[in-house]
Amino acid sequence: MTEKQTDTAQYTLVVRNMNVYYGAFRAINNVSLNIERNKITALIGPSGCGKSTVLRSLNRMNDLVNGARVEGEVLFHEQNLYANDVDAVEVRRRIGMVFQKPNPFPKSIYDNIAFGPRINGWKGTKSEMDDLVERCLRQAALWDDVKDKLKESGLALSGGQQQRLCIARALAVEPEVILMDEPCSALDPISTLKIEELMMELRQRYTIAIVTHNMQQAARASDYTAFFLMNDQRAGELVEYGPTGDLFTNPKDKRTEDYITGRFG
Amino acid sequence: MTTLNEDVKSGLPQGEASRRNIASRRRKGAIWRTIFLSATIFGLIALSLLIYNVANEVFGYVAIEYAVDPATLSDKPLDELNKDELVAVLQGNMRKNAFRTLENEKPMANRSDSEVYDLVVERVLKPQTLETWTLRDSWFNKAAIDAQVASDFPEAKLEFRSWISTSFLTTPMSSDPLRAGVRTALLGSLWMIAITILFAFPIGVGAAIYLEEYATDNRFNRIIQTNINNLAGVPSIIYGMLGLVIFVRTLEPITSGRMFGADSGNGRTIVAASLTMMLLILPIMIINGQEAIRAVPLSLRQASYGLGATKWQTIWHHVLPNALPGIFTGTILAISRAIGETAPLIVVGASTFIVTDPDGPFAKFTALPIQIYNWTSRPQPEFAHIAASAIVVLLVMLLSLNAIAVVLRNRFSKRG
Ligand SMILES: Nc1ncnc2c1ncn2[C@@H]1O[C@H](COP(=O)(O)OP(=O)(O)OP(=O)(O)O)[C@@H](O)[C@H]1O
Ligand SMILES: [Mg+2]
């Protein structure tokens, strides 16, 4: 019990011996991982090693995949997210997600932000909602770009702006954790930098886990890094996990070193 | 064009051979293009023939004999007279008793201009068609027609007639083709379609949502799905027989309106026909709805779930609005099919001769295709003309529905 309490004081999410299956195929093999509060954790590894699968397991988005099954524990405030009495809807509100391809709703910018609070039973006046929308857009560094066109479609924005809109939308339901699956892979370098700056900003209030294929991004913009690799059965395993500086300058595992120096992958 | 590495051995054709290869590929493309063009032209020819055939019957010369020459009735042409003058004509050319009977049925003061005009035609002029000609003959053989009229019907007047007219739309069925109209059939079709949509849309969309979003992929649901797919191909007359057994006979207390205090004698009413049509188009609507729902991108659902939306909230706020344009298009297509269906209506017993407007869901009725079917089976040539006119009405109705579908689809997809 005491051990668990120290866990949750320091760690927002604690993954213990997690296996993930797609039907009969084991995509993730025995992963244990502690995600630190108010830090940015990067998940890296070659394509197909299961980074997205791990990320989706952290807020039960895998429930939406037919045949997906998770074994083991994911603890969030000492509560196993996969316990029977836990509602995935509640989990996803408190652990938000930003996807690889910007996916704003085909609605106005304003409604994109307001949707989350509304469906979660938000009660407040119109002007309170206006404030909320403005606050989220400011936090996502998008306010100045869109303040004059809140009624326009979210799809009319540039790719980078759309992705920031998706981040703002995720913030609007007041999550504690934000999971990002390659949020910059569809963006140009300038937009990428903007999103990275934004993550640094958001770190003060949120815990962030991000999947990336960009080594520089992981090195620059994360506090911790987890390196995954497929084993012989093509199941993803956690090879090395630690503070980003250590992992990149002084990897303990030969395979990590090979990967980050670009010798395979 | 010279190749970059002439010396590299390649499996690809080089130089002259490459040029010949490209030319041959182009030729193949051109052949296919010609085939597709011919297919399009064939379709256009078929369509033109249809329009030609219909137009040929709808317009043309008619030799009409009047009991009284219209020119002798008044110094102005009849259709320029106002109501009072028309009443005067009527009074002056009818027996007193007959006129009084009319006045008692409905006072002249309460009748509209066109009603009085119709009375003049019906009671005074009493036109009779002696011979009709198609548009083609009227156009190219005017001299021959004139000669024939002069020799065969010296008393008759030759008039160029459009068989489709406002009075054709507004007068009910009649055994006299000159005065028959499609009012009853048009109203019957509209009533039937309205009620069909009322039932089929919610049921179809609901079933599509259930099958696409909720039904798990098990044996039972797969059997249901296969059955729906097959039902879409069942001949319509079989639905007619199903409708006869279920709606006309078994549910007679409901479909005859007895339970609602509007008894129409038996179950051969608009509701029974509408429900039968609903059965007929439901499989198409469900399949189409499922396709529209499936086409909603996964990323949109993920975004919604990722914010803590429940399944129903995701369906209601994102899946349905985005599937709606597709659902509308499919609905209209299904409805178009229902409008033109004749066989099930015959089986469930639409009336073939009825002059009273349908006044509600439990009314006896007839419908446009029934009317057309009925008229085309008459031997007198006049009926071919009004059948063609009714076909035009039906086609216009279908085109308007499609136009509505396009407008709705654009409206709803623009919201995005
Ligand atoms: N919906 C699914 N159904 C079945 N198998 C899946 C599904 N999603 C992923 N997989 C499998 O699970 C394994 C891990 O996939 P995942 O998408 O998590 O990899 P990834 O590390 O995110 O790859 P990438 O870097 O290319 O995004 C792969 O072998 C993949 O084929
Ligand atoms: Mg991935």
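As annotated in an unreviewed UniProt entry, chain B carries the name Phosphate transport system permease protein PstA and is attributed to Herpetosiphon geysericola. What UniProt states about chain B under its Sequence similarities (unreviewed entry) heading is, verbatim, "Belongs to the binding-protein-dependent transport system permease family. CysTW subfamily."

The name that an unreviewed UniProt entry assigns to chain A is Phosphate ABC transporter ATP-binding protein, with the source organism given as Herpetosiphon geysericola. Quoted verbatim from the Subcellular location (unreviewed entry) field of UniProt, the annotation for chain A is "Cell inner membrane". Here chain A is described in UniProt, under the heading Function (unreviewed entry), as follows: "Part of the ABC transporter complex PstSACB involved in phosphate import. Responsible for energy coupling to the transport system."

Trainee: Which parts of the structure should I look at to understand the overall build of chain B?
Mentor: Counting its regular elements, chain B contains 17 helices and 3 strands. Expected size for 416 residues packed as a compact globule is a radius of gyration near 22 Å; at 30 Å, chain B overshoots this value by more than 25%. The principal-axis extents of the C-alpha atoms in chain B amount to approximately 105 × 70 × 40 Å. For chain B, the proportion of contacts with a sequence separation of at least 24, taken over those separated by at least 6, is 74%. Surface accessibility of chain B: about 22,800 Å² in total, with carbon and sulfur atoms responsible for 62%. Taking the average place of the 38 positive charges on the side chains of chain B and the average place of its 34 negative ones, the gap between the two points comes to 13 Å.

Trainee: I tried to follow unusual backbone geometry on my own but got confused; where do I start?
Mentor: As a rule of thumb, non-glycine residues mostly have phi less than zero, and peptide bonds are mostly trans rather than cis. Residue and element names in this part refer to chain A. The backbone of N30 shows a phi angle near 50°, a positive value even though the residue is not glycine. You can see N30 is positioned in strand 2 (residues 25-36). Among the residues examined, N30 registers a relative accessible area of 42% and is labelled partly exposed. At N38, a position not held by glycine, the phi torsion is positive, near 55°. Mapped onto the fold, N38 is located in the loop between strand 2 and strand 3 (40-44). You can call N38 partly exposed: its relative accessible area is 30%.

Trainee: Whenever I open this one, the UniProt feature "transmembrane region" (unreviewed entry) in chain B confuses me. Can you help?
Mentor: According to UniProt, the feature "transmembrane region" (unreviewed entry) maps to residues 30-52, 185-211, 231-248, 269-287 and 383-408 of chain B in the numbering used here. What you have in residues 269-287 of chain B is 95% helix and 0% strand, and the ends, taken at the C-alpha atoms, are 28 Å apart.

Trainee: It is not clear to me how the domain arrangement of chain B should be interpreted in this structure. Could you clarify?
Mentor: For an interface, size is often stated in terms of accessible area lost upon the parts coming together. Residues and elements named next belong to chain B. In terms of domains, chain B is made up of domain 1 (58-162) and domain 2 (183-415). For domain 1 versus domain 2, the separation of C-alpha centres amounts to 42 Å. Taken residue by residue, the interface counts 4 residues in domain 1 and 6 residues in domain 2. Taking both partners together, domain 1 and domain 2 bury about 430 Å²; carbon and sulfur atoms supply 57% of that area. Ranking the residues of domain 1 by area buried against domain 2 places V58, T129 and T132 at the top, with a combined share of 86%. Across the contact surface, domain 1 and domain 2 share 2 residue pairs in polar contact (both at pLDDT 80 or more). Split by residue class, the side of domain 1 that touches domain 2 holds 2 nonpolar, 2 polar and no charged.

Trainee: I tried to follow the state of the cysteines on my own but got confused; where do I start?
Mentor: Two cysteines whose sulfur atoms are joined by a covalent bond form what is called a disulfide. Residue and element names in this part refer to chain A. Across all of its chains, the model carries 0 disulfides over all chains by this definition. Sulfur of C166: no disulfide; nearest cysteine sulfur belongs to C184 and is 12 Å away. For C166, a relative accessible area of 2% puts it in the buried group.

Trainee: Just to check I follow, could you spell out the pattern of salt bridges for this structure?
Mentor: Where charged atoms from two side chains of opposite charge approach closely, those side chains can pair. Residues and elements named next belong to chain A. Scanning the model with the defined rule gives 24 salt bridges over all chains in all. Ionic pairing is found between E73 and R16, a salt bridge with its closest N-O pair at 3.6 Å. Taken together, the positions of E73 in strand 4 (residues 68-76) and R16 in strand 1 (residues 11-22) put the pair 57 residues apart, joining distant regions of the chain. Put simply, K147 and D144 hold a salt bridge, and the shortest N to O gap is 3.4 Å. Salt bridges linked by common partners bring E90, R94 and E176 together as one network.

Trainee: What should I look at first to understand the confidence of the model for chain B in this one?
Mentor: Any segment with low pLDDT has predicted coordinates that should not be analysed in fine detail. Residue and element names in this part refer to chain B. Within chain B, residue pLDDT values average 88, and 97% of them lie at 70 or more. Mean pLDDT per element in chain B: helix 4 (residues 113-125) is the minimum at 80, and helix 13 (residues 298-306) is the maximum at 95. Here the predicted complex scores 0.83 on pTM and 0.92 on ipTM.

Trainee: Just to check I follow, could you spell out the site of ligand 1 for this structure?
Mentor: Residues and elements named next belong to chain A. Not every one of the 14 residues close to ligand 1 is listed here, only the nearest: S47, K51, S52, T53 and H213. At 2.6 Å, a side-chain N or O of S52 approaches an oxygen atom of ligand 1. Relative to its unbound accessible area of 630 Å², ligand 1 is 64% covered by the protein chains. Going through the elements one at a time, strand 2 and helix 2 (51-57) are the ones with two or more residues in the shell around ligand 1. Take the shell around ligand 1: its biggest share by element is 4 residues, from helix 2.

Quick notes on the rules
Residues numbered from 1 in each chain as written. Chains lettered and ligands numbered in written order. Predicted model: local features only at pLDDT ≥ 70, side-chain atom pairs only at ≥ 80, totals over all residues. Heavy atoms only, no water. UniProt positions renumbered as here; feature names shortened; annotations may be inferred. Helix = DSSP H or I, 4+ residues; strand = E, 2+ residues; numbered from the N terminus. Rg over C-alpha atoms; globule rule 2.2 N^0.38 Å. Contact = heavy atoms within 4.5 Å. Areas by Shrake-Rupley, 256 points an atom, 1.4 Å probe, with all protein chains shown as cover. Lys, Arg positive; Asp, Glu negative; His and termini not counted. Charge placed at Lys NZ, Arg CZ, Asp CG, Glu CD. Buried < 20%, exposed > 50% of the residue type's maximum accessible area, 1.4 Å probe, protein only. Domains from an automatic or database assignment. Buried area = accessible area lost by both parts, 1.4 Å probe. Polar contact = N/O pair within 3.5 Å; in protein donor to acceptor, adjacent residues only side chain to side chain. Nonpolar A, V, L, I, M, F, W, Y, C, P; charged D, E, K, R; others polar. Disulfide = S-S within 2.5 Å. Salt bridge = Lys/Arg side-chain N within 4 Å of Asp/Glu carboxyl O. pLDDT = per-residue confidence, 0-100. Near = heavy atom within 4 Å.

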